[in-house]
Amino acid sequence: MLASFNFGTYGRWLPPQLSEHGHRIDHLIDVVHYFMFALFVGWGIFFLYTLIRFRKREGHRAIYEPVSGKASKYAEVAVGAFEVFLLVGLSMPVWAEYKNPPPDPTNMLEVRVIGEQFQWDFHYPGPDGKFGRTDSKFITGTNPIGLDEADPNAADDIQTINEFHIPTGRDINVRITSKDVIHSFAIPTMRVKQDAIPGMEVPVWFKVKEGATTEKLKEEMTQEYDTASATWYKLRHHVSCEDYRDKSGQIILAKGSDLGSTHTDGTKLIDDLRAAGVERIKLQPRNPLEVICAQLCGNSHFKMKAQIITHDAAGFDAWVKERSTPVEIDFGGDF
Ligand SMILES: [Cu+2]
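Rules used in this analysis
Residues numbered from 1 in each chain as written. Predicted model: local features only at pLDDT ≥ 70, side-chain atom pairs only at ≥ 80, totals over all residues. Heavy atoms only, no water. Helix = DSSP H or I, 4+ residues; strand = E, 2+ residues; numbered from the N terminus. Buried < 20%, exposed > 50% of the residue type's maximum accessible area, 1.4 Å probe, protein only. Contact = heavy atoms within 4.5 Å. Areas by Shrake-Rupley, 256 points an atom, 1.4 Å probe, with all protein chains shown as cover. Lys, Arg positive; Asp, Glu negative; His and termini not counted. Charge placed at Lys NZ, Arg CZ, Asp CG, Glu CD. Pairing = 2+ DSSP bridges. Donors = N, O, S within 2.8 Å, 3.2 Å for Na, K, Ca; no water. Tetrahedral: all angles 85-135°; square planar, octahedral: opposite > 155°, others 65-115°. Salt bridge = Lys/Arg side-chain N within 4 Å of Asp/Glu carboxyl O. Axes fitted to C-alpha atoms, helices over the stretch in contact; angles between N-to-C directions. Phe/Tyr/Trp six-rings, centres within 6.5 Å; stacked < 30°, edge-to-face > 60°.

Novice: How do you make sense of the overall build of the chain when you look at a structure like this?
Specialist: The helix and strand inventory of the chain stands at seven helices and 15 strands. The principal-axis extent of the C-alpha atoms belonging to the chain is close to 105 × 60 × 40 Å. Burial statistics for the chain: of 335 residues in total, 38% are counted as buried. Sequence separation of 24 or more characterises 68% of the internal contacts of the chain that already satisfy a separation of 6 or more. Total accessible area on the chain is roughly 20,500 Å²; 57% of this is exposed by carbon and sulfur atoms. Of the side chains in the chain, 37 bear a positive and 45 a negative charge, and the two mean positions are spaced by 11 Å.

Novice: When you look at the pairing of strand S1 (residues 109-116) in this model, what are you seeing that I'm missing?
Specialist: Regular strands place their side chains on alternate faces of the sheet. S1 sits mainly inside the fold: seven of its eight residues count as buried. Relative to strand S5 (residues 171-178), S1 runs parallel, the two sharing seven bridges. Paired with isoleucine 114 across the strands is threonine 177, a residue of S5. Across five bridges, the pairing between S1 and strand S2 (residues 119-124) is antiparallel. Looking at S2, one finds that glutamate 116 is bridged to glutamine 119. Taken together, S1 and the strand that follows it, S2, pair antiparallel across an intervening segment of two residues.

Novice: Quick question: what am I supposed to make of the coordination of the copper ion here?
Specialist: Geometry reference: four tetrahedral donors at a metal, ideal angle 109.5 degrees. Six octahedral donors, ideal angles 90 or 180 degrees. Each protein donor to the copper ion is listed here as His183 (ND1), Cys293 (SG), Cys297 (SG) and Met304 (SD); together their distances run 2.1 to 2.6 Å. Angles of 89 to 126° at the metal separate the four donor atoms of the copper ion, which places the site in the tetrahedral class. Motif for the copper ion, donor spacing along one chain: H-x109-C-x3-C-x6-M. Pair noted here: cysteine 293 is in strand S14 (residues 290-293) and methionine 304 is in the loop between S14 and strand S15 (305-311), with a separation of 11 residues, a long-range link. The exposure class of methionine 304 is buried, given its relative accessible area of 1%.

Novice: Explanation requested: the pattern of salt bridges in the structure shown.
Specialist: Proximity of charged atoms lets side chains of opposite charge pair with each other. Considering all chains together, one arrives at 17 salt bridges under this definition. Residue arginine 245 pairs with aspartate 243 through a salt bridge whose shortest N-O separation is 3.9 Å. One network of salt bridges, with partners in common, ties together Glu110, Arg112, Arg175 and Glu201.

Novice: It is not clear to me how unusual backbone geometry should be interpreted in this structure. Could you clarify?
Specialist: Glycine aside, residues mostly have negative phi angles, and peptide bonds mostly take the trans form. A cis amide bond, omega 0°, links glutamine 117 with the succeeding residue phenylalanine 118. Relative to the helices and strands, phenylalanine 118 is located in the loop between S1 and S2. A positive phi angle is found at asparagine 162, which is not glycine, with a value near 55°. Relative to the helices and strands, asparagine 162 resides in the loop between strand S3 (158-161) and strand S4 (163-167).

Novice: Help me out: how do you make sense of the sheet that holds strand S13 (residues 280-285) in this one?
Specialist: For sheets, the rule is that strands pair by backbone hydrogen bonds, running either parallel or antiparallel. Across the sheet, three strands lie side by side as S9-S13-S10; this open sheet has antiparallel pairing. Two strands bound the open sheet, and with one partner strand each, they are strand S9 (223-226) and strand S10 (238-240). Averaged over all pairs of adjacent strands, the angle between their axes in this sheet comes to 50°, without regard to strand direction. When S9 meets S13, the two strands line up antiparallel, connected through four bridges. Bridged to aspartate 226 within S13 is arginine 280.

Novice: Any chance you could explain the side chain of serine 184 here in plain terms?
Specialist: Along the polypeptide, serine 184 turns up in strand S6 (residues 183-187). Classification of serine 184 by relative accessible area gives buried; the value is 2%. Setting aside residues no more than four positions away along its own chain, serine 184 makes contact with Trp120, Lys193, Gln194, Asp195, Ala196, Ile292, Cys293, Ala294 and Gln295.

Novice: Mind showing me how you'd approach the packing of aromatic side chains here?
Specialist: Two measures describe an aromatic ring pair: the distance that separates the ring centres and the angle between the ring planes. In total, this model carries nine aromatic pairs according to the counting rule given. Centroid distance tryptophan 43 to phenylalanine 46: 6.2 Å. Interplanar angle 70°. Geometry classified as edge-to-face. With a gap of three residues between them, tryptophan 43 and phenylalanine 46 both fall in helix H1 (residues 22-53), about one helical turn apart. On the accessibility criterion, tryptophan 43 (46% relative accessible area) is partly exposed. Ring geometry for phenylalanine 164 and phenylalanine 185: centres 6.1 Å apart, planes at 75°, overall edge-to-face. Of this pair, phenylalanine 164 sits in strand S4 while phenylalanine 185 sits in strand S6, placing them 21 residues apart in sequence. Given a relative accessible area of 0%, phenylalanine 164 falls into the buried group. An aromatic cluster is defined as three or more aromatic residues linked by ring pairs; in this entry it consists of Trp120, Phe122, Phe164 and Phe185.

Novice: I would appreciate a short explanation of the pairing of strand S7 (residues 192-196) in the present structure.
Specialist: Only one face of S7 is buried, namely the one carrying Val192, Gln194 and Ala196, since none of Lys193 and Asp195 on the opposite face is buried. Sheet topology note: the S6/S7 ladder contains five bridges and is antiparallel. By the bridge assignment for S7, alanine 186 is matched with lysine 193.

As structure tokens, this is what we get:
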């Protein structure tokens, strides 16, 4: 699959769009903006007209009576009618489709998502497709969703914290809730957003475009940076694609090293690279996709993010298999 996901234009207009339904949301955003622009121009012209028409001048006196003509009324009704069309004709059909169950629920992946201050917890049913029972009395640091280990359905369940593994090209139904306050589950690159409300489980579904795997996206987002103009602020979320050495052949920056976590003094790293005569470095982002919280939910709201790892079908099955198999520890003796 050689589709390009157009990460080159990230941030210029809208974020890259990686879900099957996202173009319809983008279309809606476009229509609303064209409408707002038309309104802005229309009202602007009218405003200038009134400034000139009713300016203070000799022989004219202000009268304080409401308008008698029909034109302004027609304009108001037309704007109102168009807004109703935007809501009922365009927005609600798109919204309804993604709030109703997907057309083919047989091949759907269900994931429970639980927001809390300040992390996202994910609960997968595992290969049996059945979620184990959860109860708040079982909640611990390593069991944030309170999974009941005694429940047979829970045996192969998978829990992750701030790590959302999903397959591409398959319907994903997320059932979103919260443990404490209202959060908002948002994936800008998938055009998905839904409030996480304590005591309620709200479903929403989406499908990642075929081929948009994390590995492929990282490859597409690989870029070269000039060491002469690079700043640590810009580079710290990147991973090195190659080895870079100083004049004596010693490695300054190793291939695969994550700049943010392996280099505490990033400015020194850039200086060292420059001093070694390295003019350009090839880097790729550490994490192209993430879930954020779009609701100001507390003092550490800003760090409430989960990394999204998109796999192809085989890769996802392998991950499920790996995570759902109980780890057997050999203690090297009889117990
Ligand atoms: Cu939050």
